[in-house]
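# Structural overview for review
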Amino acid sequence: MARPNEEVEALLQEYADLVTITGGDAYKARAYEKAARAIGGHHADVSRLDLKGLLDIPNVGKSIAEKVLEYLRTGRLAMVEEARAVIPAGVRELITIPMLGPKKALLLYEELHISSVDELLDAIHDEKLRDLKGFGAKTEENILHGIALMQQAGDRILLNAAMDVAEQIVADLSGVDGCERCTYAGSLRRMRETIGDVDILVAAARSGPLMEAITELPITAEVIAHGEKKTSIRTTKGLQVDLRVLPADAWGAGLLYFTGSKAHNIRVREIAVRHKYKLSEYGLFHAKSGKKIVSETEEEVYARLGLPWIPPALREDRGEIAAGLRDELPELIQEGDIRGDLHTHTDLTDGVATLQDMVTAAAERGYAYYAVTDHAPNLFMQRMTDAKILAQRKRVRELDGKHRRMHLLHGTELNIGPDGEVDWPDDFLAGFDLCVASVHSHFNQTRDELTRRLLRACENPHVSIIGHPTTRLIGKRRGIDADFDAVFEACARTNTALEINAHPERLDLCDEDILRARRYGVKFAVNTDAHSVTHLPYMRFGVGTAQRGWLTKDDVINTWPLQKLRRFLRKGRSG
DNA sequence: GCCGTTTTCGGCCCGACTGTTTTCAGTCG
């Protein structure tokens, strides 16, 4: 089950969308949106809060608090159900297509009765959109492109969503009688950025009770296949989960096999064949006699093939086997190596938590340091001013060292403008402990313009980190088309770190870009870009992505001791 | 629908781009 906060967030967001689509009061819709975000990002479990507790959440007033209580009490919200009766769910789906907003979606529904992406594709194909007011050839093209982008991610879902499901199922099955071991495998264990289906592995002597148990979980909507060795279900949200049960002595071989990737497995099996062995999910065997050699742990299987244990994040057939055979696998960065988060927001701009709450939550994660980097004035909608950021700095200085002796850095996330310029003049920038700089608009400039823009940001002596460098949003927006080799070279030359943004919608840079960038000797910063306390744990996905990029802790500046980090942030400037 | 204290009513995220217009609506960040 999703966290109650997320269920409520989704419900309030849905209501906000429905109000918007039906042309209701825009401010009311925004109020619901703000409340949804605040609840989703609230640290306490809403299902344990009373009316007063709910009212303490910013942007939640009496009306919404009562609606939340109604939902928690009855599992339903009459208001939302009434709205759903007017606007089918498929119309909401339409506004997730880039370029299609509430107005156009409503028009499509009212004029052409379109209420799903498939119906929209049919209508475009039949040229039915041409006659609609406000729709032209270019709009059609943009919609098609948007749909293609969505379908490119296909049925795959974001890493964090899959992880939530997997961890819940692992927890549930671990409690079943006879379950000796239980974990998730597959692309999730390899920390791929999107997940097609979830693979769960269990070690047990008797599979029956576990196969039974998974079909009876509240999250299970449909049983696709139900056998002795394997059961497949579909969750209420449409995610397929495969459960495999193995004898405990085959655990290692099974884990290796079901973690993949397919390409990695093929390579490993080739090596087995060369040794006159045979490798399957049940173990490593002598090819001739069929006698089992090892199967209990992954380490044993790899070792018999002359390989060290290969971390799952590397198992993509990108040279990890060859490196393993030479005993030259990198000592990958671990989440525990991270000493601090260098890109985070508060409610001074578009975050939903106060400075105090963010700092407290960060300290609880055991960080040695933590940077607050709210948006700067050029992102006009954030309404940042010199006075506001300076007042924040004063607060940051007051809180410095007050929570588990965690050091606070006062920074900002600058906006890289169309010409590569940033928000404040040099002397003002000099007052920050660090500046992240990111592209937030003008994504469609030419390749040359985009490249020049990023290079100029790197050359800025006050910019220490380029935030979400490609600006892609998984399944929603392609990254910008810049010459990233030139950018990587410039980063290495100017001592500017590249961010690995840990937010599951971004994971930017992605693994492949990291692999390219590291060859230039670039340093990286794994940051969450947290806009609420619930985003701080996304760090694990950033670290997973860094691992997929073969990074060690030396490559990542926020594993460094504070003094060394501070030297890096100065980029060779004095003072 | 939420918020605040120079407001308990009247504000609420502003600017730019795009594609469709014939002077601007819709969408996005």
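Residues numbered from 1 in each chain as written. Chains lettered and ligands numbered in written order. Predicted model: local features only at pLDDT ≥ 70, side-chain atom pairs only at ≥ 80, totals over all residues. Heavy atoms only, no water.

By the naming in an unreviewed UniProt entry, chain A goes by DNA polymerase beta and is assigned to Streptomyces telluris. Per UniProt, the comment on chain A under Cofactor (unreviewed entry) is "Mg(2+)". (UniProt positions renumbered as here; feature names shortened; annotations may be inferred.)

When its secondary structure is counted, chain A shows 24 helices and 17 strands. Whereas a compact globule of 575 residues would reach a radius of gyration of roughly 25 Å, chain A reaches 26 Å, a difference of no more than 12%. Its C-alpha atoms give chain A principal-axis dimensions of roughly 75 × 65 × 55 Å. A separation threshold of at least 6 residues defines the contact pool for chain A, and within that pool the share at least 24 residues apart is 68%. (Helix = DSSP H or I, 4+ residues; strand = E, 2+ residues; numbered from the N terminus. Rg over C-alpha atoms; globule rule 2.2 N^0.38 Å. Contact = heavy atoms within 4.5 Å.)

What surrounds DNA strand B is a group of 35 residues, the closest being Asn59, Gly101, Gly136, Met381 and Arg383. Of everything in DNA strand B that lies within 4 Å of the protein, sugar and phosphate atoms constitute 78%. Gly136 places a polar main-chain atom, nitrogen or oxygen, 2.7 Å from a phosphate oxygen of DNA strand B. One nitrogen or oxygen atom from the side chain of Asn142 is found 3.3 Å from a phosphate oxygen belonging to DNA strand B. Among the elements of the structure, helix H2 (26-40), helix H4 (62-74), helix H7 (102-112) and helix H9 (137-152) are those that each provide at least two residues to the surface near DNA strand B. At 5 residues, the largest contribution of residues to the surface near DNA strand B is made by H2. Of the residues that constitute the surface near DNA strand B, the class distribution is 16 nonpolar, 10 polar and 9 charged. (Near = heavy atom within 4 Å. Polar contact = N/O pair within 3.5 Å; in protein donor to acceptor, adjacent residues only side chain to side chain. Nonpolar A, V, L, I, M, F, W, Y, C, P; charged D, E, K, R; others polar.)

This part takes up the environment of Ile266. Within the fold, Ile266 resides in helix H14 (residues 262-274). The sequence separation of Ile266 and Ala36 amounts to 230 residues, and the corresponding C-alpha distance is 46 Å.

Among all positions in helix H24 (residues 562-569), only Leu562, Leu565, Phe568 and Leu569 are buried. Along H24, the residues classed as buried sweep out an arc of 120° about the axis, all on the same side. Of the residues in H24, the exposed ones pointing more than 90 degrees away from the buried face are Gln563 and Arg567. Looking at the buried side of H24, the elements it contacts are strand E12 (369-375), strand E13 (407-415), strand E14 (434-438), strand E15 (463-466) and strand E16 (497-501). Just beyond H24, the residue with positive phi is Lys571, at close to 50°. (Buried < 20%, exposed > 50% of the residue type's maximum accessible area, 1.4 Å probe, protein only. Arc of directions from axis to C-beta.)

Judged by nonpolar contacts, the single largest core of 58 residues is most densely connected at Tyr370, Leu414, Trp424, Leu454, Ile466, Leu498 and Phe524. Tallying contributions element by element places helix H17 (residues 355-364) first for this core, with 6 residues. Contact partners of Ile466, with chain neighbours within four places excluded, come to Ile416, Ala437, Leu454, Ala457, Cys458, Cys491, Thr496, Ala497, Leu498 and Glu499. By size, the runner-up hydrophobic cluster in this structure holds 44 residues, among which are Leu54, Ile64, Val80 and Ile87. (Core = buried A, V, L, I, M, F, W, Y, C linked by side-chain atoms within 4.5 Å.)

It is worth spelling out the packing of aromatic side chains at this point. This model, assessed by the stated rule, comprises 9 aromatic pairs. Residues Phe484 and Phe488 carry aromatic rings whose centres are separated by 6.0 Å and whose planes lie at 40° to one another, so their mutual orientation is tilted. One end of the pair, Phe484, and the other, Phe488, are both in helix H21 (residues 484-494), 4 residues apart, so they sit about a helical turn from each other. Owing to a relative accessible area of 7%, Phe484 belongs among the buried residues under this scheme. The exposure class of Phe488 is buried, given its relative accessible area of 0%. One aromatic cluster is present, built from ring pairs that chain together Trp424, Phe428 and Phe432. (Phe/Tyr/Trp six-rings, centres within 6.5 Å; stacked < 30°, edge-to-face > 60°.)

For interface size, the figure often reported is the accessible area lost on association. Structurally, chain A comprises domain 1 (4-153), domain 2 (157-246), domain 3 (251-325) and domain 4 (335-569). Spacing between the C-alpha centres of domain 1 and domain 2 amounts to 30 Å. (Domains from an automatic or database assignment.)

All right, on to the packing of helix H1 (residues 4-21) against H2 then. At a minimum axis distance of 8 Å, the contact between H1 and H2 shows a crossing angle of 165°. By the angle between their axes, H1 is roughly antiparallel relative to H2. Note on packing geometry: the crossing formed by H1 with H2 is left-handed. Facing H1, whose interface residues are Asn5, Val8, Glu9, Leu12, Gln13, Tyr15, Ala16, Val19 and Thr20, H2 presents Lys28, Ala29, Tyr32, Glu33, Ala35, Ala36, Arg37, Ile39 and Gly40. (Axes fitted to C-alpha atoms, helices over the stretch in contact; angles between N-to-C directions. Parallel < 35°, antiparallel > 145°, perpendicular 65-115°, else oblique. Left-handed = near helix turned anticlockwise from the far one by under 90°.)

A separate point is the side chain of His375. Positionally, His375 belongs in strand E12. For His375, a relative accessible area of 4% puts it in the buried group. Of the polar contacts made by the side chain of His375, one reaches the side chain of Asp350; its length is 3.4 Å. Engagement of the side chain of His375 in a polar contact is seen with the side chain of Glu413, the distance being 3.4 Å. Ignoring sequence-local partners within four residues, the contact set of His375 consists of His345, Thr349, Asp350, Gln382, Met384, Thr412, Glu413, His440 and His531.

Further remarks concern the sheet that holds strand E11 (residues 340-341). Spatially, the 7 strands line up as an open sheet ordered E11-E12-E13-E14-E15-E16-E17, and their pairing is parallel. Looking along the sheet, the strands with just one partner apiece sit at the ends: E11 and strand E17 (524-527). When E14 meets E15, the two strands line up parallel, connected through 3 bridges. Considered in E15, the bridge of Val436 is made with Ile465. Strands E11, E16 and E17 of the sheet are contacted by helix H23 (residues 539-548), whose axis makes an angle of about 150° with E17. (Pairing = 2+ DSSP bridges.)

In this section: the UniProt feature "domain: Helix-hairpin-helix DNA-binding motif class" (unreviewed entry) in chain A. UniProt records the feature "domain: Helix-hairpin-helix DNA-binding motif class" (unreviewed entry) for residues 52-71, 92-111 and 127-146 in the present numbering. For the annotated span residues 127-146, helix accounts for 50% and strand for 0% of the residues, and the straight-line distance between the end C-alpha atoms is 17 Å.

Evaluation of the coordinates by the stated rule reveals 2 cavities of 30 Å³ or more. Size it by volume and the largest cavity reaches roughly 50 Å³. If you go around the largest cavity, the residues you meet are Ala253, Leu256, Tyr257, Asn265, Arg269, Leu279 and Ser280. Elements that contribute at least two residues to the lining of the largest cavity include exactly helix H13 (251-259), H14 and strand E8 (277-280). (1 Å grid on protein atoms, 1.4 Å probe; cavity = no way out; pocket = protein on both sides within 12 Å on 5 of 7 lines; lining within 4 Å. Points joined across faces, edges and corners; volume = space filled by probe spheres on them.)

Through backbone hydrogen bonds, the strands of a sheet pair up, either in parallel or in antiparallel fashion. Spatial ordering of the open sheet is given by E8-E9-E10, a layout of 3 strands whose pairing is antiparallel. Bordering the open sheet on either side are E8 and strand E10 (292-294), each of which pairs with just one other strand. The sheet shows a mean angle of 35° between the axes of neighbouring strands, direction not considered. In this sheet, E10 lies alongside strand E9 (residues 283-286) in antiparallel orientation, the contact comprising 2 bridges. Residue pairing for E10: Leu284 is matched across the bridge by Val294.

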